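Architecture at a glance
Chain residues, written in single-letter form:
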Amino acid sequence: MPVADEPRGGERAAGRWLLDQARQARPAMAATVGAGLADTVLVVLQALLIAWVIDQAVIRATPLAELWGALALLAAVFAARAGATWARAAAGARAAWVITAAVRRRLYRHIAALGPVRLQGHHSGAVASALVEQVEALEGYYAHYLPQMVLAVVAPLVFIALITGVDLLAGLLLLIAAPLVPLFMALVGMGAARLSRRQQQSLARISAHFLDRLRGLATLRIFRATDAAAEAVEGAAEEYRRRSLSVLRVAFLSSAALELIAAISIALVAIYVGFSLLGYLHFGPGPELGLFAGLFILLLAPEVFFPLRRLAQHYHDRAAAVGAAAEILELLEDPLPAADEPAPAAPGPVRRDPQTDLPVPDPRPLGFHRVTVAFPGAEAPALDGLELHIPAGQRVVISGPSGAGKSTLLHLAAGFLRPDTGRVTIGESAPAAGAVAWVGQRPWLFHGSVRENLQLADPGADDRRLRAALRHADLDGVIAALPEGLDTPLGEDAYGLSGGQASRLALARALLSGAPVLLLDEPTAGLDPDSRERVLAAVARLADGRRTVLMVAHDRDTHDWGDRHLVIEAGRCVEDRRA
Amino acid sequence: MRELMPFLRDLRPECWRLALGTLLLIVSLAASIGLMGLSGWFITATAVAGLTGAYLDIYRPSAGIRFFALARSISRYFERLVHHDAVLRTLARLRGWLFRTLAPLPLARVGRLRRSDLLNRMTADVEALDNLYLRIIGPSLAAVVTLGGTIAVLVLLAGPAGLAVGAVLLAGGILLPLWAWRRGSPHGEAVDRHLPALRGAGVDAVQGLAELRACGAVGRHEQRLMAAADGLAAARARAARLTGAGEGAVGLLAHGALLAALVVGIPLYQAEAISGPLLALVALAALAGGEALTALPGAWQHLGRTRAAARRLLEHADTAADESAAVVDPPPRQALGLALAGVTFRHAAHTPPVLRDGSLTVAPGETVVIHGPSGCGKSTLLDLVAGLIRPDAGTVTLEGVPVHALAEAERFARITYLTQRTELFADSVAGNLRIVDPRADEARMWQALHTVGLDERVRSAPRGLDEWVGEGGGRLSGGEARRLALARLVLTDAPVVLLDEPFRGLDDATAAEVARRLAPWLAERTALIISHDPDSAPPHDRRLPFFELIAPGGE
């Protein structure tokens, strides 16, 4: 007998969490189950009517003319059943929609609140996939599995109770057979579940192998190994087939067992009813049975097993959802940093340059007051009692060995990270959205047009303002040369823009935001001297004495660019030189 | 439907297995119908006999009922096994086909495919084709045969009543799948359209979080993400409602057949043209006949997506053409010289040229290092020499022969190239080395590992050469992965070597040691090496800054 894997704690927690989420769509979930229950009632009505009509026609020789009423009623029941089936699908889809939307929203807000620094502890691809694919994978659980779970318990019991009411022995027979089904399914199914998990793993492995070789196609060609690799791909798929067949041989057993029990039960009920009708059985309630009751039992018997069959079909929905829930929970259970202080008062009306319509920020100082930050697991704190005051409008370049705390400094100023002790201030208040503009090492360009990428910082910006920003960032010529100008779509890896151009686009974005503090994380890394000069010139134009600039820079040529150069080592400022 | 033809042809080797699977499916469907029909007949017959006291052979019908019950389950079990076997065999072949199809694509396009998720899509498209085999062709064929046979039997037994049942089931059986297909195609397309938007918004949310937070755009991006999600969910919900409608319609069809049987059958029975048990048999067989159609609307609903998947796969097959046809005789495989003359190259029309009028000569046997800051376009230079991309102007020659005129196999028999990306395969250390030479013995592999200073590391691993390196070499450190990639080059016998930052990720001491061990191997070859730091590059005869190769200019 196959022994089930001990369900892991994580899996159980994921199962509980999945069930909890169903509360968010109570009406739709109730409608789904309700439509299923309505169908259950209609099945009974249908069996009654069919049995009655045949009994009337065959035994009582009622002419068709007198049966029209019953036949019309039967037709109405059939139509209602079709309606219930449709309503169930519609309500199930609705429930899945509501719940996945709520889960996705919550997950997104949690990710956003964790912030880019905390997110570094997770694989970025896995986080994006949780937000998209894993949430999608919950759908089948709510649309199909969970409602069917309720029906698979209720409907067979209703049918068996009715059959028992008509004929005790037939009811008993089904009462024994029906629980046998879940039992058998559990026995075979648990082994099959383990096998199918392994099967899924090996399917994932074969897809990964295929994708792996495709990704490395350049290398394979350089080594003239594509033919050998194609054979290996086929060989791996063939190997998977052989292994998966041995798995399927067992996995299909559970549904085969279910079908077998159902078929034999129906056969036994039919034979029992037949023998009773003939008067061969002299025990039990059989001898009193008529054709009406006999047919009723025969028609209802397969329905006892039907909900269980459907549940088995949707079992994989549950497996997929549990796996996805585990991934989602891993993110949701990553605790959020302490709640934000009350948001600073909304800034006053934005002053704009009358010529360019670009915002003109009020210069603000940036202060670090005895700031200490330690990351869990690290031996020494990333920043150790740092005291730093940057007057409004100053341009500061920061350098130091990697891991010295430069990025931590920037993240603190951006408000992505909160100090363990001490305080970070922009003007009088803590860093908040809108107060800082961020230009990362490889500025992320969003899926969408150039325009949409710029409007991220200023949703109301019209073309005049956008063009002015592009001009300041020395990008107007480049964008004008793009095939669709401002409406040119930018791809995942900023297809069509070089590294320096992407940095300048991020600068244009910063300009539009009107933020008084500009944070730059190695904006010139990997640029040729010419591009570097252009980026730095754009930053200088942008700063204009009105924006406080904090720039992390590695290459020596950039160190003397600002008004002040700080060297950070081991979480402390070891050099502070003014130009 | 033309796009499905190549994939249908692909089924030919499996036609016997598929035929057997379909036959088993027919047996199981027929047994289902038989079970219900015969049971109805039996119960009615016994009821009539019980009333009239007439003799009834009960043993043959009850044996028949038991037979149908067993036949249904057993044939269903084997049908699923046989069908899955055939489909898995076909999918294995399809993967091989797709791989061979993509192999000769221009490498710039392969790079684009890799970046854009298209490869993931293609893998999914191959798997989507099992819908065609497993859910559409087999079940449709089985439904036609089973229902045809059932109707024939019913007509023989009950004449007009059988005809009435047949008319309803056949008409519905043909119309329903076609209806589901037509109505389902737009939903499938909508899902295909919305999914990339949602995926893009999801990736943006994670990768662009710093920008979103700084811009105060977290809330606005939430709206974008949820709008994309709603678009997809709405398309999914429409598809689900259609599936529900299809399911309801199949039920209605089976029930309609039962009604037809009763309405036509009852007068026949009362006219004594058929017996009472036969009336019950026709009615219940009609009801069970609907089961043959149950899965069809749902399967046909997705035919549109299956076709789209087939179309996308064929598109790649059509455009994949080997650009490098041999038009010249290759130079002999010995010490070869390299030359670039007046080479200009830009990635796109609106970007500045990476190389402008660049010239460079490397004598046979010489080792030259090109240095410059990272990201300035040095890698493009090596891509040009390897013939992976073509210059916009100027020529790249190998011992006087233009590299582009060489067939790829001939070119890479002479040139070996350590690319900027360290591309390791999810395989063992030995598996990664045997990519170069499937027959390489252990001694040669250890020798190559020694040359790159990785032998001790591999020897100390629990499984030695069989140690798994992980996806993309993820279980190795960056420096170890780099050296393993370098060891592959050492196993080739190409006379020209191109190295792009060969020591990236190595600490200085290791780099110096590897440089020392690599020296004799490099000395026998013509080598072009690029590095941001020429002092830690392998020993070389000459070095020059990259910016001397291009006429510097603005954008």
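In this text the structure is predicted, and so the values were computed from the model without any measurement. (Residues numbered from 1 in each chain as written. Chains lettered and ligands numbered in written order. Predicted model: local features only at pLDDT ≥ 70, side-chain atom pairs only at ≥ 80, totals over all residues. Heavy atoms only, no water.)

**Quick look at the overall build of chain B**
Quick note on the threshold: In DSSP terms, a helix is any run of H or I states spanning at least four residues, a strand is any run of E spanning at least two, and both are numbered starting from the N terminus. With the radius of gyration taken over C-alpha atoms, the globule rule is written as 2.2 Å times the number of residues to the power 0.38. Exposure categories follow from relative accessible area, calculated using a 1.4 Å probe and restricted to protein chains: below 20% of the type maximum is buried, above 50% is exposed, and the middle band is partly exposed. Only heavy atoms enter the contact rule, under which two residues are in contact if any of them lie within 4.5 Å. With residues, only the protein chains shown are counted as cover, and all accessible areas are computed by Shrake-Rupley using a 1.4 Å probe. Residues scored as positive are Lys and Arg, those scored as negative are Asp and Glu, and His as well as the terminal groups of each chain are ignored. Each charge is placed at NZ for Lys, CZ for Arg, CG for Asp and CD for Glu.
Scanning chain B from N- to C-terminus turns up 19 helices and nine strands. Taking 555 residues into account, the globule formula puts the C-alpha radius of gyration at 24 Å, and chain B, at 35 Å, lies well above it. Dimensions along the principal axes, computed over C-alpha positions, put chain B at roughly 115 × 55 × 45 Å. Every one of the 555 residues in chain B was classed for burial, and the buried ones make up 58%. Partitioning the contacts of chain B with sequence separation of at least 6, the portion at a separation of at least 24 is 79%. Carbon together with sulfur atoms contributes 58% to the accessible area of chain B, which is approximately 22100 Å² in total. One finds the centroid of the 57 positive side-chain charges in chain B at a distance of 7 Å from the centroid of its 54 negative side-chain charges.

**Focus: the packing of helix α4 (residues 124-136) of chain A against helix α10 (residues 315-332) of chain A**
Residues and elements named next belong to chain A. So the rule is basically this: Note on geometry: axes are lines fitted to C-alpha atoms, helical ones only across the stretch in contact, with angles between N-to-C directions running from 0 to 180 degrees. Under this scheme an angle from 65 to 115 degrees is roughly perpendicular, one under 35 degrees roughly parallel, and one over 145 degrees roughly antiparallel; angles in between are oblique. Here a crossing is taken to be left-handed if its near helix is turned anticlockwise relative to the far helix by less than a right angle, and right-handed if that turn runs clockwise. Each residue receives one of three labels: charged for Asp, Glu, Lys and Arg, nonpolar for Ala, Val, Leu, Ile, Met, Phe, Trp, Tyr, Cys and Pro, and polar for the others, Gly being one of them.
One way to put it is that α4 packs onto α10 with a least axis distance of 10 Å and a crossing angle of 140 degrees. In terms of their interaxial angle, α4 and α10 are classed as oblique. For the crossing formed where α4 meets α10, the hand is left-handed. The segment α4 lies against α10, with Val-127, Ala-130, Gln-134 and Val-135 engaging Ala-324, Glu-327, Ile-328 and Leu-331. Residues that form the contact of α4 with α10 fall into these classes: six nonpolar, one polar and one charged.

**Some words on the packing of aromatic side chains**
Which entries qualify depends on this criterion: Aromatic pairing here means that ring centres of Phe, Tyr or Trp (its six-membered ring) are within 6.5 Å. Orientation follows from the plane angle: under 30 degrees is stacked, over 60 is edge-to-face, and everything else is tilted.
Taken as a whole and judged by the stated rule, the model has eight aromatic pairs over all chains. Judged by centre distance (5.7 Å) and plane angle (25 degrees), the ring pair of Tyr141(A) and Tyr145(A) falls under stacked. Residue Tyr141(A) and its partner Tyr145(A) are located together in helix α5 (residues 139-166), separated by four residues, close to a single helical turn. With a relative accessible area of 7%, Tyr145(A) lands in the buried category. With a centroid separation of 5.7 Å and 55 degrees between ring planes, the pair formed by Phe67(B) and Phe68(B) is classed as tilted. Residue class for Phe67(B) comes out exposed when judged on its relative accessible area of 53%.

**Some remarks on the packing of helix α2 (residues 26-58) of chain A against helix α10 (residues 276-289) of chain B**
Where α2(A) contacts α10(B), the axes come no closer than 10 Å and their chain directions differ by 155 degrees. Put simply, α2(A) runs roughly antiparallel to α10(B). The handedness of the crossing between α2(A) and α10(B) comes out as right-handed. Between α2(A), through Gln46(A), Ile54(A), Ala57(A) and Val58(A), and α10(B), the contact on the second element is made entirely by Gly276(B), Leu279(B), Ala280(B), Ala283(B) and Leu287(B). Looking at the contact of α2(A) with α10(B) residue by residue, the class counts come to seven nonpolar, two polar and no charged.

**Overview of the interface of chain B and chain A**
This is how the line gets drawn: In short, buried area is how much 1.4 Å probe accessible area vanishes from two parts on joining, totalled over both. Any Lys or Arg side-chain nitrogen located within 4 Å of an Asp or Glu carboxyl oxygen qualifies as a salt bridge. Pairs of N or O atoms within 3.5 Å make up the polar contacts considered here, provided that, within protein, one atom can donate a hydrogen while the other can accept it, and that residues adjacent in sequence are counted only when both atoms are side-chain atoms.
Taken together, the contact between chain B and chain A spans 136 residues of the former and 139 residues of the latter. Here chain B meets chain A over a buried area of about 12100 Å², counting both sides, of which 69% is carbon and sulfur. Linking chain B with chain A are 13 salt bridges, by the criterion used here. Residue Arg310(A) pairs with Glu247(B) through a salt bridge whose shortest N-O separation is 3.2 Å. The tally of links between chain B and chain A comes to 28 residue pairs in polar contact (both at pLDDT 80 or more). Counting residues per element, the side of chain B that touches chain A draws most heavily on helix α9 (residues 218-270) of chain B, at 30 residues. For the side of chain B that touches chain A, a count of residues per class yields 73 nonpolar, 32 polar and 31 charged.

**Remarks on the UniProt feature "transmembrane region" (unreviewed entry) in chain B**
Here is the rule: UniProt positions are given in the numbering used here, feature names are shortened, and annotations may be inferred rather than shown by experiment.
Those places that UniProt annotates as "transmembrane region" (unreviewed entry) correspond, in this numbering, to residues 132-157, 163-181, 248-268 and 274-296 of chain B. Counting secondary structure, residues 163-181 of chain B comes out at 100% helix and 0% strand; the distance between its end C-alpha atoms is 27 Å.

**Regarding the sheet that holds strand β5 (residues 436-439) of chain A**
Residues and elements named next belong to chain A. Counted only if it meets this: When DSSP finds at least two bridges between two strands, those strands are taken to pair.
In space, the six strands of this open sheet follow the order β5-β8-β9-β3-β10-β11, with mixed pairing throughout. Pairing within the sheet leaves two strands with one partner each, and these edge strands are β5 and β11 (572-578). Sheet twist, expressed as the average angle between the axes of neighbouring strands with direction ignored, equals 20 degrees. Of the pairings in the sheet, the one linking strand β3 (residues 395-399) to strand β10 (residues 564-569) comprises four bridges and is parallel in character. By the bridge assignment, Ser-399 is partnered in β10 with Val-567. Relative to strand β8 (residues 517-521), helix α11 (residues 406-414) is tilted by about 150 degrees, and along the sheet it contacts β3, β5, β8, β9 (548-552) and β10.

**With respect to the sheet that holds strand β3 (residues 367-371) of chain B**
Hydrogen bonds between backbone groups are what pair the strands of a sheet, and the pairing can be parallel or antiparallel. All names here are of chain B. Pairing is parallel in the open sheet, where five strands are placed in the order β6-β7-β8-β3-β9. The outermost strands of the open sheet, each flanked by one partner alone, are β6 (415-418) and β9 (542-545). Across the sheet, the mean angle from the axis of one strand to that of its neighbour is 15 degrees, orientation sign disregarded. Sheet analysis places β3 next to strand β8 (residues 526-531), joined by five bridges and oriented parallel. Each bridged residue has a counterpart across the sheet, and for His-371 the counterpart in β8 is Ser-531.

**Details of the nonpolar core**
Here is the rule: We define the nonpolar core as a collection of buried residues of types Ala, Val, Leu, Ile, Met, Phe, Trp, Tyr and Cys that are connected through side-chain atoms lying within 4.5 Å of one another.
Counting residues in each nonpolar core, the largest one holds 316 residues, and the members touching the most others are Tyr142(A), Leu518(A), Ile370(B), Leu449(B), Leu498(B) and Leu528(B). The dominant element in this core, judged by the number of residues it contributes, is helix α8 (residues 226-278) of chain A, at 17 residues. One finds Val396(A), Ala404(A), Leu412(A) and Leu417(A) within the second-largest nonpolar core, a separate group that totals 32 residues.

**Notes on the domain arrangement of chain B**
This is how it is decided: Domain start and stop points were drawn from an automatic or database domain assignment.
Split into domains, chain B comes out as domain 1 (2-318) and domain 2 (338-549). Placing the centre of domain 1 of chain B and that of domain 2 of chain B at their C-alpha centroids yields a distance of 53 Å.

**Regarding the pattern of salt bridges**
By the definition in use, this model includes 55 salt bridges over all chains. Between Asp212(A) and Arg213(A) there is a salt bridge, and its shortest N-O distance comes to 2.6 Å. The residues Asp212(A) and Arg213(A) share a single accessibility class, namely buried. The salt bridge involving Asp125(B) is made with Arg312(B); its shortest N-O contact spans 2.9 Å.

**Concerning the environment of Leu138(A)**
Residue and element names in this part refer to chain A. Mapped onto the secondary structure, Leu-138 falls in the loop between α4 and α5. Overall, Leu-138 belongs to the buried group, its relative accessible area being 0%. As for Leu-138 and Asp-353, which are separated by 215 residues in sequence, their C-alpha atoms are 51 Å apart. Once you skip the residues sitting within four places of it in the chain, Leu-138 turns out to touch Trp-17, Leu-18, Thr-100, Val-103, Ala-321, Ala-324, Ala-325 and Ile-328.

**Examining α11(A)**
Residue and element names in this part refer to chain A. Most of α11 is tucked away: eight of the nine residues are buried. Those residues of α11 lying buried are Lys-406, Thr-408, Leu-409, Leu-410, His-411, Leu-412, Ala-413 and Ala-414. Phi for Gly-415, located one or two positions after α11, is positive at around 85 degrees.

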